[in-house]
Amino acid sequence: MKALVLSGGAGTRLRPFSYSMPKQLIPIANKPVLEYVVGNLREIGVTEIGIIVGDRAEEISDVLGDGSALGVAITYIPQHAPLGLAHCVKIARPFLGDDDFVMYLGDNMLVEGISEIADEFAEVRPSAQVVVYKVPDPRAFGVAEVDENSRVTRLVEKPQEPRSDLAMIGVYFFTPLIHQAVDAIEPSWRGELEITDALQWLVTHERDVRARIYSGFWKDTGKVEDVLECNRELLQRLRTDIQGVVDEESSLIGEVVVEEGARVVRSCIVGPAIIGAGTLVEESIVGPYTAIGADCRITEAGVSDSIVLSGAYVHNVSGIETSLIGRKARVGSAKQHRLVVGDDAHVEVAA
C-alpha cells in the first residue's frame, strides 16, 4: 500500500499564519502537523508517500526532505491549481500505479492513529473505505449515508437537510478502481473534480464502498481554535523530560518537557507544557497547555494555553491566554489578551 498526502491548500481560515507558512506545517506540541500524518502512515506500514504540493512546495520539502529522517520515502507531486481532491488522485496516478493506497488530508489530526481502520480495509478490501466521524451539524461536510452493514448507500456534499450525522473526514482507503471512477466524473460547479462524486460513482455502479467510524480525537486544523484544541490534547500525553537547564530558583509543576539547550531561570512552569530547544524563559510563568517553540525568549511574562512559534520574543506581558504567536514575532507591554500574532509581527499593547 502507498499513501497520498494532500498539502496544497491555501489555508485561508488560518490567516495570518498561512500567508507566511503552509498550514500543514503549523506546529502542535512543537511538531508540524505533517509529521504526525507521516507518523500515522508509517505506523500502518506505509513507507512510500506521495505528497501533493502547491506553491509552498519548497517550504514543505525543507521540513520533510526525502522522508528518510522519518523512516519513509517521499515523492513530491506538484499541483499547479487547486482543482479538487479527485484531481489529486488523477495527477498522482504515475506514482500510485495499480497499488491500493490511503489518501490523507495533510491538515487533519487523528491522534489515536489509523491502525485499526487500515487493518479492517486490508481484511475486507472493499473498493473504497471512507473514514467518518459523528458530528452535531453535518451541513458543513460531505456526509455518508450507510446501511446496517456499514455499506455506503449515498454520499451528499454539504446537505441542507442531512439524513446522516456521519461526516467524511480526511482519510480514505482506495483500491485501483478509484482511478476508473475519477476518469468517469466531470468537474463540479466549482470547477473541481470532487472525490465525493468519484465515490458516488462507485456506489451507483454497485461497488462495495464502506464507512468506518473514527472514535478517537480528530480535528481539521484549519482554524486557530482547532489548532489550540489539538495542542491541549497532545500536551496531555506528555511525560516529563528535562534536557535543558532549570535553575534552583525555578519550579516545575506537573508534566514538563524542557528541550536541549533551553534555559528556565527564576520562573515557574506548570505542565503540561513544553519549552523548545534553545529557548530562554526568565522571570516568567508558563501555564498549562502551552507549547513554546525553539529559540524563543519569554521574559517577565505570563503565558498559558497558547502556542508560541520559533524565534518569538515575549516581554513584560501579563496573562497571555489561548493565543497563537507567530515565528519571530515580538509582543510586549500588554495586559491580559487573547492574541493571534502573525510571523515577524511587532506588537506593543498599551497597559
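Quick caveat: nothing in here was measured; it's all calculated off a predicted structure. (Residues numbered from 1 in each chain as written. Predicted model: local features only at pLDDT ≥ 70, side-chain atom pairs only at ≥ 80, totals over all residues. Heavy atoms only, no water.)

A.B. asks: Would you explain the overall build of the protein in this entry?
C.D. replies: In terms of helices and strands, the protein carries 9 helices and 30 strands. Its C-alpha radius of gyration of 22 Å places the protein within 12% of the 20 Å reference for a compact globule of 351 residues. Evaluated residue by residue, the protein yields a buried proportion of 54% over its 351 residues. Taking the contacts inside the protein whose residues are at least 6 apart along the sequence as the reference set, 49% of them involve residues at least 24 apart. In the form shown here, the protein has an accessible surface area of approximately 15400 Å², with 46% of it arising from carbon and sulfur atoms. Averaging the positions of the 33 positive and the 52 negative side-chain charges in the protein gives two centres separated by 4 Å. (Helix = DSSP H or I, 4+ residues; strand = E, 2+ residues; numbered from the N terminus. Rg over C-alpha atoms; globule rule 2.2 N^0.38 Å. Buried < 20%, exposed > 50% of the residue type's maximum accessible area, 1.4 Å probe, protein only. Contact = heavy atoms within 4.5 Å. Areas by Shrake-Rupley, 256 points an atom, 1.4 Å probe, with all protein chains shown as cover. Lys, Arg positive; Asp, Glu negative; His and termini not counted. Charge placed at Lys NZ, Arg CZ, Asp CG, Glu CD.)

A.B. asks: Hey, could you run me through the side chain of Thr279 in this one?
C.D. replies: Looking at the element boundaries, Thr279 is found in the loop between β20 (273-275) and β21 (280-282). Judged by relative accessible area, Thr279 falls into the buried class, the value being 1%. Separated by 2.9 Å, the side chain of Thr279 and the backbone nitrogen of Cys296 make a polar contact. (Polar contact = N/O pair within 3.5 Å; in protein donor to acceptor, adjacent residues only side chain to side chain.)

A.B. asks: It is not clear to me how the packing of aromatic side chains should be interpreted in this structure. Could you clarify?
C.D. replies: Inspection of every chain in the model, using the stated rule, returns 5 aromatic pairs. Ring centres of Phe101 and Phe174 lie 5.3 Å apart, and the angle between their planes is 50°; on these two criteria the pair is classed as tilted. Residue Phe101 is found in strand β6 (residues 101-105), and its partner Phe174 is found in strand β11 (residues 166-174); the two are separated by 73 residues along the sequence. Note on Phe121 and Phe173: the rings are 5.3 Å apart at their centroids and 35° apart in plane angle, and the pair reads as tilted. One end of the pair, Phe121, is in helix α6 (residues 115-124); the other, Phe173, is in strand β11, with 52 residues separating them in the sequence. The same class applies to Phe121 and to Phe173, which are both buried. The ring of Phe95 has Lys2 sitting right over it, with the charged end atom 5.1 Å from the ring centre. Here Lys31 stacks its cationic end above the ring of Tyr36, 4.3 Å away from the centre of that ring. (Phe/Tyr/Trp six-rings, centres within 6.5 Å; stacked < 30°, edge-to-face > 60°. Lys NZ or Arg CZ within 6 Å of the ring centre and 35° of its normal.)

A.B. asks: Got a minute to help me understand unusual backbone geometry in this structure?
C.D. replies: The omega angle of the peptide bond from Gly271 to Pro272 is 5°, so this bond is cis rather than trans. Mapped onto the elements, Pro272 comes out in the loop between β19 (268-270) and β20. Unlike most non-glycine residues, Thr322 shows phi in positive territory, near 40°.

A.B. asks: For this particular structure, what's the right way to read the packing of helix α7 (residues 177-184) against helix α8 (residues 195-204)?
C.D. replies: Two packed helices can be described by the angle between their axes and the distance between those axes. Relative orientation of the contacting elements α7 and α8 amounts to 110°, with a least axis distance of 8 Å. The angle between the axes of α7 and α8 places the two elements in the roughly perpendicular class. Here the hand of the crossing between α7 and α8 comes out right-handed. In this structure, α7 contributes Leu177, Ile178, Gln180, Ala181, Val182 and Ala184 to the contact, and α8 contributes Ile195, Ala198, Trp201 and Leu202. (Axes fitted to C-alpha atoms, helices over the stretch in contact; angles between N-to-C directions. Parallel < 35°, antiparallel > 145°, perpendicular 65-115°, else oblique. Left-handed = near helix turned anticlockwise from the far one by under 90°.)

A.B. asks: Looking at this model, I keep getting lost on the environment of Arg163. Mind explaining?
C.D. replies: Relative to the helices and strands, Arg163 is located in the loop between β10 (152-157) and β11. Linking Arg163 and Arg263, residues 100 residues apart in sequence, is a C-alpha distance of 55 Å. Beyond its immediate sequence surroundings of up to four residues, Arg163 is in contact with Glu145 and Arg154. Of the polar contacts made by the side chain of Arg163, one reaches the side chain of Glu145; its length is 3.2 Å.

A.B. asks: What's the story with the nonpolar core in this structure? I'm lost.
C.D. replies: The nonpolar side chains of a soluble globular protein tend to be buried with one another. Membership of the largest hydrophobic core comes to 51 residues, with the highest contact counts inside it found for Leu41, Ile49 and Phe173. Apart from residues lying up to four places away in sequence, Ile49 is in contact with Ala3, Val5, Val38, Leu41, Val72, Ala73, Ile74, Thr75 and Phe95. Counting residues in hydrophobic clusters, the runner-up holds 37 residues, among them Ile52, Ala92, Ala144 and Ile178. (Core = buried A, V, L, I, M, F, W, Y, C linked by side-chain atoms within 4.5 Å.)

A.B. asks: I keep staring at the state of the cysteines and nothing clicks. Help me out?
C.D. replies: Here a disulfide denotes one covalent bond, and it connects the sulfur atoms of two cysteines. The final tally for this structure, using the stated rule, is 0 disulfides. With no disulfide of its own, Cys268 lies 19 Å from the sulfur of Cys296, the closest cysteine sulfur. (Disulfide = S-S within 2.5 Å.)

A.B. asks: Looking at this structure, how should I read the pairing of strand β8 (residues 128-134)?
C.D. replies: Of all 7 residues in β8, 5 are buried, a share of seventy percent or more. Where β8 and β11 come together, 6 bridges link them in antiparallel fashion. Across the sheet, Val132 pairs through a bridge with Met168, a residue of β11. Across 5 bridges, the pairing between β8 and strand β12 (residues 209-213) is parallel. Its bridge partner lying in β12, Gln129 is registered against Arg210. (Pairing = 2+ DSSP bridges.)

A.B. asks: I'm lost on the side chain of Ser304 in this one. Help?
C.D. replies: Here Ser304 is to be found in strand β24 (residues 297-304). With residues near it in sequence (within four places) discarded, Ser304 still touches Gly287, Pro288, Thr290, Ile320, Glu321 and Thr322.

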